[in-house]
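So the chains spell out like this:
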Amino acid sequence: MKTHSKWMDGLVYRLDVITVLVLAALLAVFFSCVNPRFLSLHNLYNMIQLNAALIIVSVGMTFVVMSGNMDLSSGSVIVLAVSVTGVVYRSTGNIWLSMAACLAVAVGIGLLNGFLISYWKINAVIITLSCMVWARGLALGITDAKSIVVSSPVLQAVYTPFALGFFNLSLVIVALCLLGGWFLMAKTRFGRYVKALGENEHATRLAGVDTRRVKWGLFALAGFLAGIASLVDLARLGSAVVTIGSGMELNAIVAVVIGGNRLSGGKGSFGKTVAGLLFMCILTNGLSTMGVTDDKTYLIQGSIILGALILQMLSNRFRLHYLRHANE
């Protein structure tokens, strides 16, 4: 048997996370050279604020991907939930009722998707893709494709600093979602079942686990987190905008996968999702601070993401090759 140092084995084992962290660091260095204020506390704070909804959605997406499924409806769930919030608030003026309607819509869609996927055994991509279309269409219909102002002290409080001049409720919500998602995945039976579902659903079912309920529950969780993200984005914008959440689901999937989580499910961790989110947040914020036009932003962002995914694939191949020879 070949001898390998423990630190080298550990380094290679975590090569996927190390790869995306190095890429994120290189991006940060580049953007800080272009804009010296990029790494300032104020900009880092803005980076989290602007990407708060993406971070929250990515928590739910981690569960979906780890189970071996896919959710393409998150962005449309957000726009429909926000639209319903705006319509209810315009009709009643009651922000609490509006917020409850927002969460009810998001969780309801998650439950519906989960039920059709788990009990009717319809492919998750088909169900969530159709939901992406009809939910956004319904949102356009109930708002007449117009923005609805939602001006409430309750929502304004989400981004009102209460400590150190910048610390606000949105940062607390993001932190709670990340910590809650990590605890649920790493420390509970539900999290172990989600991983087992992605590893081998048939074997998990034979082991006595009700895989249908687990799958139903994780899509409900993803819907709930999309609802939270809806309220956070609504608080930031101050109005129900029909373009909100556009492309959110794809960015969340990229964040989860680019960090090293396996797209087919079963393998991964929340640490890898956080690494992927760090990369995505630095990339999007850096391009925006450079004043790049939208057309060039999409081109540059897509090219960099593609390059990062290729590097991740190569690092995974090297890791598997190294570990295979280490066990010979």
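For the structure, check the block above.
Thresholds, definitions, all that
Every residue gets a number counted from 1 within its own chain, in the order that chain's sequence is written. With the structure being a predicted model, the display of local features is reserved for residues of pLDDT at least 70 and the display and counting of side-chain atom pairs for 80 or more, all residues being used for whole-chain, interface and lining totals. Hydrogens and waters are ignored; side-chain quantities use all the structure's heavy atoms. Working definition: helices are DSSP H or I runs of at least four residues, strands are E runs of at least two. Numbering for both runs from the N terminus. Only the C-alpha atoms count toward the radius of gyration. The rule for a globule is 2.2 Å times the residue count to the power 0.38. Partly exposed describes any residue whose relative accessible area lies between the buried limit of under 20% and the exposed limit of over 50%, with all areas from a 1.4 Å probe on protein chains only and scaled to the type maximum. In this description, contact between two residues means that some pair of their heavy atoms is separated by no more than 4.5 Å. What makes a nonpolar core is a set of buried Ala, Val, Leu, Ile, Met, Phe, Trp, Tyr and Cys residues whose side-chain atoms join them at distances within 4.5 Å. What qualifies as a polar contact is a pair of N or O atoms within 3.5 Å, subject to a donor-acceptor requirement within protein and to the restriction that residues adjacent in sequence count only when both atoms come from side chains. Whenever a carboxyl oxygen of Asp or Glu lies within 4 Å of a side-chain nitrogen of Lys or Arg, that contact is scored as a salt bridge. Cavities and pockets were defined on a 1 Å grid built from protein atoms only: a cavity is a group of points that admits a 1.4 Å probe but offers it no way out, a pocket is an open group of points flanked by protein on both sides within 12 Å along at least five of seven lines, and a lining residue is one with an atom within 4 Å of any such point. Grid points are joined across faces, edges and corners, and a volume is the space filled by probe spheres set on the points. Gly is placed with the polar residues, together with every amino acid not listed as nonpolar (Ala, Val, Leu, Ile, Met, Phe, Trp, Tyr, Cys and Pro) or charged (Asp, Glu, Lys and Arg). Think of a patch as exposed residues, more than 30% relative accessible area, with no salt bridge, where like charges cluster within 9 Å and nonpolar side chains (Val, Leu, Ile, Met, Phe, Trp, Tyr) cluster within 5 Å. Surface accessibility in these figures is a Shrake-Rupley result with a 1.4 Å probe; residues are shielded only by whichever protein chains are displayed. How far a helix is expected to stretch is found by multiplying one less than its residue total by 1.5 Å.

*Asks:* Run through the overall build of the protein chain, naming residues and quoting values.
*Replies:* Secondary structure summary: the protein chain contains 15 helices and two strands in total. The globule rule puts the C-alpha radius of gyration for 328 residues at 20 Å, and the 21 Å found for the protein chain is close to it. Considered along the principal axes of its C-alpha atoms, the protein chain spans approximately 75 × 55 × 40 Å. Buried residues in the protein chain amount to 48% of all 328 residues. Here the analysis covers contacts within the protein chain between residues at least 6 apart in sequence; of these, 77% occur between residues at least 24 apart.

*Asks:* A description of the nonpolar core should follow, citing residues and the corresponding values.
*Replies:* Membership of the largest hydrophobic core comes to 89 residues, with the highest contact counts inside it found for Ile56, Ile78, Phe279 and Ile282. If you tally residues by element for this core, the top one is helix H12 (residues 211-237), at 13 residues. For isoleucine 282, the contacting residues outside a window of four places in its chain are Ala24, Leu27, Ala28, Phe31, Phe38 and Met47.

*Asks:* Which residues make up the side chain of asparagine 51, and what values do they have?
*Replies:* Looking at the element boundaries, asparagine 51 is found in the loop between helix H3 (41-50) and helix H4 (52-66). Here methionine 47 takes part through its backbone oxygen, which lies 2.8 Å from a polar atom of the side chain of asparagine 51. With residues near it in sequence (within four places) discarded, asparagine 51 still touches Cys281 and Thr284.

*Asks:* So what's going on with the environment of valine 20? Residues and values would help.
*Replies:* Tracing the backbone shows valine 20 in helix H2 (residues 15-34). On the accessibility criterion, valine 20 (1% relative accessible area) is buried. Distance from valine 20 to leucine 277, taken between C-alpha atoms, is 9.8 Å for residues 257 residues apart in sequence. Sequence-distant contacts of valine 20, defined by excluding residues within four places in its chain, comprise Ile258, Gly259, Ala275, Gly276, Phe279 and Gln312.

*Asks:* Got a sec to walk through the environment of arginine 136? Specific residues and values, please.
*Replies:* Here arginine 136 shows up in helix H7 (residues 124-143). Taking the C-alpha atoms as reference points, arginine 136 and alanine 81, separated by 55 residues in sequence, lie 9.9 Å from one another.

*Asks:* Please give an account of the pattern of salt bridges that cites residues and values.
*Replies:* Applying the stated criterion across every chain, the model contains five salt bridges. In this structure, the salt-bridge partner of glutamate 201 is lysine 215, at a minimum N-O distance of 3.1 Å. Within this pair, whereas glutamate 201 is found in helix H11 (residues 201-206), its partner lysine 215 is found in helix H12, the two being separated by 14 residues in sequence. Overall, glutamate 201 belongs to the partly exposed group, its relative accessible area being 27%. Its relative accessible area of 8% is what places lysine 215 among the buried residues. For aspartate 233, the salt bridge is made with arginine 236, and the minimal N-O distance between the two is 3.1 Å. Taken together, the residues span about one helical turn, with aspartate 233 and arginine 236 both in helix H12 at a distance of three residues. When its relative accessible area of 5% is taken as the criterion, aspartate 233 is described as buried. You can call arginine 236 partly exposed: its relative accessible area is 32%. Overlapping salt bridges, with partners in common, bring together Glu201, Arg205 and Lys215 in one network.

*Asks:* If you had to explain the layout of surface pockets to someone new, which residues and values would you point to?
*Replies:* A probe matching the size of a water molecule, rolled over the atoms, marks out where space remains unfilled. Each pocket or cavity is described by its volume, and for the largest pocket that value is around 990 Å³. Taken together, 29 residues line the largest pocket, and the ones lying closest to its centre are Ser246, Asn251, Thr284, Tyr298 and Gln301. Within the residue set of the lining of the largest pocket, elements represented by two or more residues are H4, H12, helix H13 (248-258), helix H14 (270-289) and helix H15 (294-326). Here the lining of the largest pocket takes six residues from H15, the largest share from any one element. Across the lining of the largest pocket, the residue classes break down as 14 nonpolar, 12 polar and three charged.

*Asks:* Which residues make up H13, and what are the values?
*Replies:* Buried within H13 we find Met248, Glu249, Ala252, Ile253, Ala255, Val256 and Ile258. Taken from the residues just after H13, glycine 260 is the one with a positive phi, measuring 120°.

*Asks:* Give a description of a nonpolar patch on the surface that names residues and reports values.
*Replies:* On the surface, Leu306, Ile310, Leu311, Met313 and Leu314 cluster together into a nonpolar patch covering about 440 Å² of accessible area. As for its placement among the helices and strands, leucine 314 is situated in helix H15. Look at leucine 314 and you get partly exposed, because its relative accessible area is 45%.

*Asks:* Explain unusual backbone geometry to me, and be specific about the residues and the numbers.
*Replies:* Its identity as a non-glycine residue notwithstanding, aspartate 144 has a phi of 55°, on the positive side. Along the polypeptide, aspartate 144 turns up in the loop between H7 and strand S1 (148-149). Residues other than glycine seldom take positive phi values, yet alanine 145 does so here, at roughly 60°. Here alanine 145 is to be found in the loop between H7 and S1. Note on alanine 145: relative accessible area 47%, which makes it partly exposed.

*Asks:* Residue-level account of helix H5 (residues 74-92), with values.
*Replies:* Compared with the 27 Å implied by 1.5 Å per residue over 19 residues, the 27 Å span of H5 between its first and last C-alpha is a close match. When you tally the buried positions in H5, you get 15 out of 19 residues, the bulk of the element. One or two steps after H5, the chain reaches glycine 93, where phi turns positive at roughly 75°.

Remember, this is a structural readout, not a statement about activity or role.
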